[in-house]
Amino acid sequence: MFRRKSTPTIQPTKLTSLLGETLHVTGSVAFAGGLRIDGHVEGDVLGSPAGGSLLVLSNKGSIRGSVRVHDAVINGRIEGDVEVEHFLELQAGACVTGNIRYRQLQLHCGARVDGRLMQIGADLAGAP
């Protein structure tokens, strides 16, 4: 009688690059495929406009700049606006200071957002 909703999944096998815990990058980072950040980035993080990019920000990582990717799993700190075209997961250790635009969102207990949450496409739903 009841059907279980399918949960969107992220494919961790897409991770092809790593910014290690001791790495500090100043400047924008552009990538294709998947990127895991355990270090610190002072600049924008941009996934390939061709789509399919995956960002994983661990609880040790931080970004000071805007983020624009296809999918994201966030468990660290971001100071800047975030735009995720497909699926965003904010885990318990996530702390985002900035506005977030997303299509699908999974928000874990403990995640913190200081900014606006805006669903992509939701603004068109009520338009005449």
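The sections below set out a description of the structure shown in this document. This one's a predicted model, so the numbers in the text were calculated from it and none came from an experiment.

Let's shift gears to the nonpolar core. Residues I37, V45, L55, I63 and I74 are the most contacted members of the largest nonpolar core, which totals 25 residues. Among the elements of the structure, β3 (29–31), β4 (34–37), β7 (54–57), β9 (67–74), β11 (82–90) and β13 (100–107) are those that each provide at least two residues to this core. When near neighbours in sequence (up to four residues on either side) are disregarded, I74 contacts L55, L57, L88, E89, L90, Q91 and A94.

Attention shifts here to the pattern of salt bridges. A complete count under the given rule lists 3 salt bridges for this structure. Residue K60 pairs with E21 through a salt bridge whose shortest N-O separation is 3.5 Å. One end of the pair, K60, is in the loop between β7 and β8 (62–64); the other, E21, is in the loop between β1 (15–19) and β2 (24–26), and 39 residues separate them in sequence. Its relative accessible area of 47% is what places K60 among the partly exposed residues. Residue E21 is classed as partly exposed on the basis of its relative accessible area of 48%. Linking D38 and R36 is a salt bridge whose minimum nitrogen-to-oxygen distance equals 2.9 Å. Given a relative accessible area of 33%, R36 falls into the partly exposed group.

Calculation criteria
- Residues numbered from 1 in each chain as written.
- Predicted model: local features only at pLDDT ≥ 70, side-chain atom pairs only at ≥ 80, totals over all residues.
- Heavy atoms only, no water.
- Core = buried A, V, L, I, M, F, W, Y, C linked by side-chain atoms within 4.5 Å.
- Buried < 20%, exposed > 50% of the residue type's maximum accessible area, 1.4 Å probe, protein only.
- Helix = DSSP H or I, 4+ residues; strand = E, 2+ residues; numbered from the N terminus.
- Contact = heavy atoms within 4.5 Å.
- Salt bridge = Lys/Arg side-chain N within 4 Å of Asp/Glu carboxyl O.

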